[in-house]
Every structure is written in C-alpha cells, then in structure tokens.
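An overview of the molecular structure
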Amino acid sequence: MIIVKNLVKKYGDFYALNGLSFEVNENEIFGLLGPNGAGKTTLIHILATLLKPTKGGAVVNGYDVLHNATKVRESIGVVFQAPSSDDILTGYENLKIHALLYGIPRGTREKRISEVLKLVGLEGRKNDQVKKYSGGMRRRLEIARGLLHHPKVLFLDEPTLGLDPQSRESMWTYIKEIVTEEKVTIILTTHYMEEADMLCDRIGFISNGKIIALNSPSNLKQEMGGDIVKINFIGDIPSTETFTRFDFVHKVELEENTAIVYMDEVNSNMHSLIKDLKGVRTIEYKKPTLNDVFLRLSGDSLSGDSPEGGFMQRYAQYKKS
Amino acid sequence: MLSTRNRKLKIILGQLYALWLREFKVFLRERSRLVASTFNPLLWLFVIGSGLGSTNLQIGTDYQKFIFPGIICMSVIFTSVFFGSYIIWDRKFDFLKSVMVAPSSRTTVFVGKTLGGMTTSLLQVAIILVIGVPLGINYDALSLLQIISIALILSFGLTSLGLTFGSYIESLEGFQLIVSFVVFPLFFLSGALFPIDNLPAWLSFITLIDPATYSVDAIRNSILHLGTYSFELDLQILLLFTLLITLLGIFSFKRMKAV
C-alpha cells in the first residue's frame, strides 16, 4: 500500500529523515514509533504530499507522491497533530465542508456523514459547536473527517497526544473498529509504547531520521531475548559462566553489583538459576516491553526534547486566556 | 469527455462553495469580529466626520458626506486585508494543512478564500449604506449598483493582497506589520479623508499608486458627483490593479509552503 524508498529530508545541515525505507501492507495498522523530533511528522507530511523530500521517493496506493499528488490526496485521509477543525462550527458543518472539498456527490453525502459520525460515536453531538467537545471527541471528529471519502490509507499523527488515559483507551477501541469496518490501512505515529503495542500489527522504530527496527510488537520483544531478570548482589558478582551454563539463559550483562539475565520461562527456571547463588540482595523480574526494546536499540530515551510539543501547550494557554 | 469535464467543474464549484461556506459561517458566528469591524467605520464617520466637519472646509459639500465614500472603502480595506492575512492563523492551527491535503488545487483554495472576503466586505458595506440614509446620502438603483460593484472589485483585490502577504509571513507578529504597513497606508493615502486635487507632488504620486484611491473616487462620483477622475476611468484602473494583485496572489499562494 505504501512504499518508501531511501527518503531524505534535509533542513539546512540537519537531517530530519536520513535514508528511510520501508513498506506498509494493505489493511494493517502500521506504527511509527520514536521520540519527539525523530522525523515521524516530517515523514507523514511527505507521504501526504505537503512536503517535498530532498532525496528519495514514496508511492502511496500506487501513486508517486511527487508526480501524482492529486491521486495520492484522493487516496488518503490525514489527522494532524494540532487541531484542524473549526471550533466555532458544529461537528456536522465541519464534516459537510470537507465532504464538499473532497467532491463527495450530493446523493451520498448525507449518508456518508451519518456513517462516519456513528463510527466515532458522535452522532448525538453533531449539532454542537466543536468548542464544546472534549479533546478526545474533537480528535474523533477529525478521524471521521479523514474517513469521509473512503480513503485507502488513513494517517493519524499522534492520535492520543494530550488525552487522559480513559479517552486514550476508548480511542484505541475506535481505531481498531475503523480498520475492520472501513478496510483502511492505518499509519499512526506515537511516542507511547503501550499504544503501539496495543494497536499496531507492525512497528517501525524511528530514531534520528532512520528506521532502526521494523517488526511486529511480539517479535520485537522476542528479539530482546526473553524475560529479564535483574539480580542485585551484596558483594561480588559471580562470573558470566555462572549464568550461561544454563540452556535457558540467552544472554547476561554484568553491571557493578547487578547481573541482567535474559532467559526463557522464568516460572519454571528461576529456581535452578538462583539456588547456587550467594549474597543475593534483590531480584527483579519483568517481561520485556517495547520501551526496553527501544532503549536497547537506540541507547536513547524516548523523552527527547520536543521541538513540536510546544504548540499544543501554547494553544492550550491561548484557549484559556 | 464532456461529462468528466462537467463532473470536474461540479467538484470545483463544490469546493469553492465549501471554502466560502466555512468563511461565511465563521464570520457570522464570531460576533466580536463583526461588531469591531462595524464600530470602527462609525467612529470615523461620526467623530472625525462631525469633528472636522465643524471647521468649515472648502470641499464643496458637508465633510461627513464627503468622507462617506472613503469610509465605505475603509471598511472594505480593513475587512479584506485582514481577511486575507487570517491565513496566518489558519496555518497556525492545522486547518490549512487539512485543506491542502484535500484534492483541491491551490487556485481553488485561493479563489474560495477571496469569495469569502468579498462576502464579508459586502455585509459591512451594506451596514454602512444603511447608516448613510439618515445622514442624508441619496442612492438610486444605479449608484447602489456602482457602489456594490466597486466594493466587490476592491475587496477581491485586497483579499488577494492579504493572502499574498499572509502566504509569505509565518509568525502571528507579522500580522501587525501588515496592519501598519499595508492597511493604514492604503486607507490614509486613498483620499478617503481629504480631496486629492491639490496635493503636494510627492503625496499626489503616492495616492496614484493606491488602488483604494480609485474606489473612493468612483463612489464619490457615484453618490456625490464630486470625483477627481471619471467613474469609467476609476473602474478601469481599479480592475487593472485587481487583476495584477490577483495574479501575484495566486503565484504566491502556489509557491507557499504547506507546512
């Protein structure tokens, strides 16, 4: 559905995208994961024909984003990070205006508007001005708007940014429903690991303008080498041998007083692992999360500085004043 | 072949209607904008009009009546240029992006916006025309038609001008620059407040390159029979200005960055 080839976007000396390549299959939810400023939004803008790449290219729904922009636009729906609906108009009016912009014929317009409103659970609020909507409702309205013209691909740029945990979870339910109901391919960007884990069929990790890993969430976690056991010692750490002699241990990392053991089947193997150890202070055990995967891959924290996060805050302040 | 062309045309008309509808509804619901933009011309008309009117100027008519055409144009100038440069706002929110990813051409978006600007200007002008009646301004069918045509043409040109500036300026602070360096000069140099017959050469020259000059003069011709140039000449020059600005505007709009 989408083919990205060797994409480069340069701003001055800064590489926002640095030779990015990947493909997205039909009807999957593809997650672009990475810290703020990693290049996710730049990538979406290029795929949505709003921005021209410095080098490389991309094909969306069989159309080249550089040479066939109109066809690409007809094939995609986009929900941007910042609010893009008119808050002084009603939900219905926002949808009607976009239906006209997309040339949806009069005969099917009203029916389609009701359909998408129902899909995002807003049919009861369609005649309220958008400024009376909550953040989550507003985002859902924008998703409905993105779906109006039956796009093949829907881009969601940080669909749950700034939403409370409850709205976030209900948003996930809606997104999952949309994929089955509308048969649309979804590309979403996020920097929430659990969101990507919950929703996405496949995830591409972006860091510094490059894809550093691409796989399904479960495979990515598998690649970490099983469950993680951290053993902290009072005195000296035993040698690596002590752990690796077991078949179920994949890998051991030794830090000052701590051994980090990656192993299979903690429940049945823990006893064998620790029964001969001396001077154990604490044992921590956890299943690997995507966050562990990412930290391992990039050696970088997800909470990077955000050149893009500032606007929502300023917007929030503006709305208050 | 014909039917696909018809279909395309239908879609473009729908898009124009959508863009126009958005602007029109937003304008109607933003009461503060409507009140503010109506109040300002009234302030000029009554305070400056009566104040300076009491000083016995040699202009061939009552001063308040003399500046009435100027105030109509002023209203158009402010509304249109502001309207065009509101695109800076649209860009701050992601509204403009959401229009740009729709399969509509930039020219369509540009024209749709301009139609919105013309409509809001026309509403303003209508309000002022009504206020003119108790002030003793006499209209007939012809002069009303002339005033409205002139106001629409000027509005088309100046909304384009606002969009042109708006497409280059990225920060909201730039809006203030437009007010100081575009809106006020256009108004003050148009002869809205003084006759342009006996000006010093430098000032006279500047009034000549201000498109609003010809609108003020045309409307003065139309309702006060006091023009410096003939109505026909005014109309022709105004059309020429508008055409040039519109071309410039579409050019700027097409090369504007979407993000």
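Predicted model, so just to flag it, every value in this text is computed and none were measured.

Here's the deal with the overall build of chain A
- Broken down by element type, chain A carries 12 helices and 14 strands.
- Viewed in the frame of its principal axes, chain A has a C-alpha envelope of about 75 × 45 × 40 Å.
- Considering chain A as a whole, with its 321 residues, one finds that 41% of them fall into the buried category.
- The long-range fraction of contacts in chain A, counting pairs at least 24 apart against all pairs at least 6 apart in sequence, stands at 69%.

Looking at the interface of chain B and chain A
- Taken residue by residue, the interface counts 24 residues in chain B and 22 residues in chain A.
- Only α1 (2-29) and α5 (95-100) of chain B provide two or more residues apiece to the side of chain B that touches chain A.
- Per-element accounting of the side of chain B that touches chain A gives the leading share, 10 residues, to α1(B).
- When its residues are assigned to classes, the side of chain B that touches chain A shows 14 nonpolar, four polar and six charged.

Some words on helix α5 (residues 135-147) of chain A
Residue and element names in this part refer to chain A.
- Under the 1.5 Å per step criterion, the end-to-end length of α5 is 19 Å for 13 residues, consistent within 8% with the ideal 18 Å.
- Across the 13 residues of α5, 11 count as buried, placing the element largely inside the fold.
- Where α5 is concerned, the buried positions are Gly136, Arg138, Arg139, Arg140, Leu141, Glu142, Ile143, Ala144, Arg145, Gly146 and Leu147.
- Next to the buried residues of α5 lie β6 (76-79), α3 (91-101), α4 (106-119), β7 (153-157) and α6 (165-182).

With respect to the nonpolar core
- Among the nonpolar cores identified, the biggest contains 128 residues, and A:Leu47, A:Phe155, B:Ile72, B:Cys73 and B:Ile77 are the most heavily contacted of them.
- Looking at which element gives the most residues to this core, the answer is helix α3 (residues 63-85) of chain B, with 14 residues.
- The residues contacting A:Phe155, other than those within four sequence positions of it, are A:Ile44, A:Leu47, A:Ala48, A:Ile76, A:Val78, A:Val79 and A:Ile187.
- With nine residues, the next largest nonpolar core counts A:Val229, A:Val249, A:Val252 and A:Ala259 among its residues.

Considerations on α6(A)
All names here are of chain A.
- Its 18 residues place the ends of α6 25 Å apart at the C-alpha level, agreeing with the 26 Å of an ideal helix rising 1.5 Å per residue.
- Here α6 has its buried residues at Met171, Ile175 and Ile178. Axial view of α6: buried residues confined to an arc of 60°, hence all on one face. In α6, the exposed residues that point more than 90 degrees away from the buried face are Pro165, Gln166, Thr173 and Thr180.
- As for α6, its buried residues are in contact with α4, α5, β8 (185-190) and α7 (193-199).

Focus: the pairing of strand β14 (residues 280-286) of chain A
Residues and elements named next belong to chain A.
- Burial analysis of β14 places just zero of its seven residues in the buried class, a small minority of the element.
- Across six bridges, the pairing between strand β11 (residues 227-233) and β14 is antiparallel. Within the sheet, the bridge partner assigned to Phe233 lies in β14 and is Val280.

Here we look at the packing of helix α7 (residues 141-168) of chain B against helix α11 (residues 231-255) of chain B
All names here are of chain B.
- The N-to-C vectors of α7 and α11 enclose an angle of 25°; their axes lie 8 Å apart at closest approach. It follows that α7 is roughly parallel to α11 by the angle criterion. Crossing of α7 over α11 shows left-handed handedness. Contacts between α7 and α11 involve Gln146, Ile150, Ile153, Leu154, Phe156, Gly157, Ser160, Leu161, Leu163, Thr164, Ser167 and Tyr168 from the first element and Phe231, Leu238, Leu239, Phe241, Thr242, Ile245, Thr246, Leu248, Gly249, Ser252 and Phe253 from the second.
- The class makeup of the residues in the contact of α7 with α11 is 14 nonpolar, nine polar and no charged.

A closer look at the sheet that holds β11(A)
All names here are of chain A.
- Read from one edge of the open sheet, four strands run β12-β13-β11-β14, paired in antiparallel fashion. Single-partner strands in this sheet number two, and they are β12 (249-255) and β14. Averaged over all adjacent pairs, the angle separating strand axes in this sheet is 15°, with direction ignored.
- In this fold helix α10 (residues 266-274) packs onto β11, β13 (258-263) and β14, with an angle of close to 160° to the strand it touches most, β14.

What counts and how
Residues numbered from 1 in each chain as written. Chains lettered and ligands numbered in written order. Predicted model: local features only at pLDDT ≥ 70, side-chain atom pairs only at ≥ 80, totals over all residues. Helix = DSSP H or I, 4+ residues; strand = E, 2+ residues; numbered from the N terminus. Buried ≥ 20, exposed ≤ 12 C-beta atoms within 10 Å, placed from the backbone. Contact = placed C-beta atoms within 7 Å. Nonpolar A, V, L, I, M, F, W, Y, C, P; charged D, E, K, R; others polar. Expected span 1.5 Å × (residues − 1). Core = buried A, V, L, I, M, F, W, Y, C linked by C-beta atoms within 7 Å. Arc of directions from axis to C-beta. Pairing = 2+ DSSP bridges. Axes fitted to C-alpha atoms, helices over the stretch in contact; angles between N-to-C directions. Parallel < 35°, antiparallel > 145°, perpendicular 65-115°, else oblique. Left-handed = near helix turned anticlockwise from the far one by under 90°.

Interpretation in functional terms is not warranted from these geometric data alone.
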